[in-house]
Amino acid sequence: MKKMYTTVMISSLLAGGLTAQEIKSTQNSLVDQPPEVTEPLQNYEASEESPNTVLDLSNHFYDPDTPEAALTYAVSHTSKPAVAIVIVDNQTLTIDYLAPGQSNVIITAEYNGQATADTFIIGVRPVIKGDYDVATFDDLPLDPESFWNGSDSSGGFTSGTVNFFNSYNPDWQAWYSWSYSNTTDNTTPGWTNPYSAFSPVRLDSTVGKNFGVTYTSPLSQITTPFGTDHLFQGFFVTNSTYAALSMKEGDDYTKKFGGDEGSDPDWFKLTVTGTRSDSTKATVDFYLADYRFENPANDYIIETWQWIDLTPLGKVNKLSFELSSTDNGDWGMNTPAYFCMDNLYSVPEPPTGPFITEVLEYLPAPSQYMNAAPWGTPSSPQSLINGVNGSVSLGAFGGYIVFRFEQPVRNHPDNPYGADFTIFGNPMPNWSEPGIVSVMNDENGNDLPDDTWYELAGSDYHFSTADHNYSVTYSNPYSDVAADVPWSDSQGNEGLIQANSYFTQPYYPLPDSFPSIDQEQYTLSGSMIRSTIDTAFETTVYSLRRAFGYTDNQSRGKAPYNRPDNPYTPEVENAGGDAFDISWAVDADGNHVELDMIHFVKVHTGVMDGAGWLGQISTEITGAAVVEPDPTLKGNHELVVIREIPPVLTTTAYQMEAFAFRKGRLLQNEPVNWSATQPGAYVDETGLLHLEGSSGELTLTAAMVSNSAVYASVTTTVDLAVSTENRMAGNFDSGAGAASAITLYPNPASSFITLKDVEVFTMAVYDISGRRILKAGNNSGFQRLDISTLPNGIYILEADTKVGLIKKKFIKQ
């Protein structure tokens, strides 16, 4: 947590509340030889609990004609609201600190009718105990004398750990809610100067640092990243130059506060509303200007940074801001609806319960969500802490995050269904973006994730289409706006993370946000599974749910979130999300390891694929929770999983894969029985689906031999367009038309196989069990493949060609 305090330091008579005319009158009343300032009064900063400050004014003033003269000292002005009592007794000045904020004080020294003055600032910081965060706005990149107003259409920003809403209209180049700035122009009136604070010096004694600016029409909001209640201590506030000069001087649209005689009871009020998680609300009011006093000398317009105490709001998850004024017209408030904020203090609830307490690493891959709030910024991972309503995107394949819980996660025997923790994402029906989960035990005891990662083997881990040593290299397109990001992978494939019109910011991680990422290119590695993306429909893209063992895969349920769903059934029964069993852990060779507990969890995007007009597959995470042991909660723990097949089969043969599992572990010696709903369709002992004579909708079912009640089914449509000649030759084409006429020769073969009359980009060879055993690719196209190292047997060739993806059966002898 950041431990910070800040105070205001300003040194000018204007900031002290005197007008230029008053200063000139004071100067003209002085004789030729007034006392002189030998050492300017310094600015003082202290806590509201600090002891009094005492100083000798004779060290600061003297009379040049009579150095030994005893001067008379007085406090001529203290700006309102006063944050300290300032008393002069003879030549001793005493400051008694009262409340957080800032006051400008003018001290006069007089002798024999001759007087001079000096001004100093008293800045008082609040006393805030415990761990707290501060939104300083200095964690946001900004050039000197500039501002950010949301023109990048990102929708907001995060400072500290809280989120500031922004809405920008590019047609009107207009915005509302929050911007941030460091402009210091406190003299230019009017709407062309909306970003400057009237007090150009910020709370930490420096000029030109960042602060927040809000235009509250129609909405100004700040939200917590956790979706739960937090205690906001307060913030420092001042008027914008636009509002302050409008109230002080009036203009064509607004009145001068107090009127010409200074007696109008005008006011300009800020109302802060806090909203709690139970939807109840509380408010705090603060007057940015107040002319209602019986004595006009007490009227004021806030011209310095002042403290607003928000503790009366209690614990809230949203702050809303509203401005009101006595100066109103037919179209609402005339006073410019702006104010400036700095150093918003909040005390988050201590991380307790079952949720994530710390995020240790976040290294995303390029994606449409990158570099934009709320899903793809460096502060996004903080939203996962202490809840399940966060917003983090891992991007395309390999993007990852590492987190931990408050205590180690134990592989407890009484955990329901054997599940030890649940990770929540944002999947939709028929839309899964699978993330692969790994765990680590802190074996060396140094409290760092630097030991061995063990993947939790999910339902697709054993399929031949999975690659457990996969990597992708992403290259920077060097664009300030959305642009396709080139990639190449370890299998020889190349492609693009395609830009779209919905997300216009750069997709490659920016250096200011992700300095650890090489700005030329970087590589991400890990296990990869295949997911069939169906983009054939105009309004819906399909990426179906994996059976178990992947996150961003199952819909959210209901609280309590430490009560998991059964990971081996598709129903949402309790918390929903994706429950994980530490007992699924495997080493680099795929062998199961026994872990009593784990300390760290890693999630990476496990699929490398585009999603048509939806963008790309990118795992999202919203939170995680440790499971509460409950031996009474039990359910089925056996299942059969069938590898996904295309929605339409255009080949007379297709290699099927199906595995049986018990408690998430593969039953290697458990065969399955296949059945089909079409006459003539069958799956042989090698798992090869035969479809000669079949057409129309086909459902295939695989059931455990030892327990036929445990089964899985898949449905596809058979649409064959294969010539009798090719079928007689033993060629099994997966494409119709031109693809079905392509010939593989020789067949049988001993050294090489060739695809005739087609340009090939990649070839892969699978054995009859569906395991890929050979892969080759050439971006310039090729036709021939060396199979001399293969054992004799029956194989399936899968080729990505210029006319589409085709599959053919051949014999190596």
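Whatever comes next refers back to the structure up there.
Since this is a predicted model, take the numbers as computed values, not measurements. (Residues numbered from 1 in each chain as written. Predicted model: local features only at pLDDT ≥ 70, side-chain atom pairs only at ≥ 80, totals over all residues. Heavy atoms only, no water.)

### Examining the overall build of the protein chain
To keep things clear, this is the line we draw: Here a helix means four or more residues in a row that DSSP labels H or I, a strand means two or more in a row labelled E, and each is numbered from the N terminus. Exposed residues in this analysis have more than 50% of their type's maximum accessible area, buried residues have under 20%, and partly exposed residues fall in between, with area computed by a 1.4 Å probe over protein chains only. Residue burial considers only the protein chains on display, and all accessible areas are found by Shrake-Rupley using a 1.4 Å probe.
Helix and strand counts for the protein chain come out as 3 helices and 62 strands. In the protein chain, which comprises 813 residues, the proportion classed as buried is 53%. By element, 48% of the accessible surface of the protein chain is carried by carbon and sulfur atoms, the whole surface being about 34900 Å².

### Quick look at helix 2 (residues 241-249)
What counts here: Any pair of residues with heavy atoms lying within 4.5 Å of one another is described as a contacting pair.
Extensive coverage of helix 2 is indicated by the burial of 7 of its 9 residues. For helix 2, the complete set of buried residues consists of Thr241, Tyr242, Ala243, Ala244, Leu245, Ser246 and Met247. Where helix 2 is buried, its residues contact strand 18 (267-275), strand 19 (281-290), strand 20 (300-301) and strand 26 (338-347). One or two positions beyond helix 2, positive phi appears at Gly250, with a value near 70 degrees.

### A word on the environment of Asn553
When you line up the elements, Asn553 lands in the loop between strand 39 (542-543) and strand 40 (578-580). On the accessibility criterion, Asn553 (5% relative accessible area) is buried. Distance in space between the C-alpha atoms of Asn553 and Ser432 is 4.8 Å, their sequence separation being 121 residues. For Asn553, the residues in contact, after removing those within four places along its chain, are Pro427, Ser432, Arg545, Arg546 and Asp578.

### Considerations on the nonpolar core
Where we set the bar: Nonpolar cores were defined as sets of buried Ala, Val, Leu, Ile, Met, Phe, Trp, Tyr and Cys residues, with membership established by side-chain atoms within 4.5 Å.
Counting residues in each nonpolar core, the largest one holds 54 residues, and the members touching the most others are Ile401, Phe403, Phe421, Ile423, Tyr474, Val601 and Val603. In terms of residues, this core owes the most to one element, strand 29 (residues 400-405), which gives 5 residues. Dropping the residues within four chain positions of it, Ile401 is found in contact with Val359, Glu361, Tyr362, Pro381, Leu384, Val392, Leu394, Val601, Lys602, Val603 and Ile621. Counting residues in each nonpolar core, the second largest holds 39 residues, with Phe164, Tyr300, Phe321 and Met341 among its members.

### Side note on the side chain of Asp442
As a reminder, the rule being used: Under this rule, positive means Lys or Arg and negative means Asp or Glu; His and the chain ends count for nothing. The term salt bridge refers to a side-chain nitrogen of Lys or Arg lying within 4 Å of a carboxyl oxygen of Asp or Glu. Think of a polar contact as two N or O atoms within 3.5 Å of one another; within protein, one of them needs to be a possible hydrogen donor and the other a possible acceptor, and neighboring residues in sequence only count if both atoms come from side chains.
Mapped onto the fold, Asp442 is located in the loop between strand 32 (435-440) and strand 33 (454-456). At 5.9 Å, Arg404 is the nearest oppositely charged side chain to Asp442, a buried residue that forms no salt bridge. Polar side-chain contacts of Asp442 include one of 2.9 Å to the backbone nitrogen of Asp447. With sequence-adjacent residues up to four places away left out, Asp442 is seen in contact with Asp447, Leu448, Asp451, His599 and Phe600.

### Let's talk about the packing of aromatic side chains
Cut-off, in case you're wondering: Any Phe, Tyr or Trp ring, taking Trp's six-membered ring, that has another such ring centre within 6.5 Å forms a pair; planes under 30 degrees apart are called stacked, those over 60 apart edge-to-face, and the others tilted. Charge-over-ring contacts are defined here by two conditions on Lys NZ or Arg CZ: a distance within 6 Å of the ring centre and an angle within 35 degrees of the ring normal.
The final tally for this structure, using the stated rule, is 43 aromatic pairs. Considering the side-chain rings of Tyr132 and Tyr345, the 5.6 Å spacing of their centres and the 45 degrees angle between planes classify their relative orientation as tilted. Of this pair, Tyr132 sits in the loop between strand 9 (114-125) and strand 10 (133-135) while Tyr345 is found in strand 26, placing the two residues 213 residues apart along the sequence. As far as the burial class goes, Tyr132 and Tyr345 line up, both buried. For the ring pair Phe321 and Phe339, a centre distance of 5.8 Å and an interplane angle of 55 degrees mean the geometry is tilted. Taken as a pair, Phe321 in strand 23 (residues 318-325) and Phe339 in strand 26 lie far apart in primary sequence, 18 residues in all. Directly above the ring of Trp267 sits Lys269, whose terminal nitrogen or CZ lies 5.4 Å from the centroid. Directly above the aromatic system of Tyr400 lies the positively charged group of Lys602, at a separation of 4.5 Å from the ring centroid.

### Considerations on the sheet that holds strand 34 (residues 467-475)
For sheets, the rule is that strands pair by backbone hydrogen bonds, running either parallel or antiparallel. Rules: Here, strands pair whenever DSSP counts at least two bridges between them. Orientation is described by lines fitted to C-alpha atoms, with helices fitted over the stretch in contact, and by angles between N-to-C directions that extend from 0 to 180 degrees.
Taking strand neighbours across the sheet as the criterion, the 4 strands line up as 36-35-34-37 in an open arrangement whose pairing is antiparallel. At either end of the open sheet lies a strand with only one pairing partner, and these are strand 36 (494-497) and strand 37 (521-528). This sheet shows a mean twist of 30 degrees between the axes of neighbouring strands, independent of strand direction. Of the pairings in the sheet, the one linking strand 34 to strand 37 comprises 7 bridges and is antiparallel in character.

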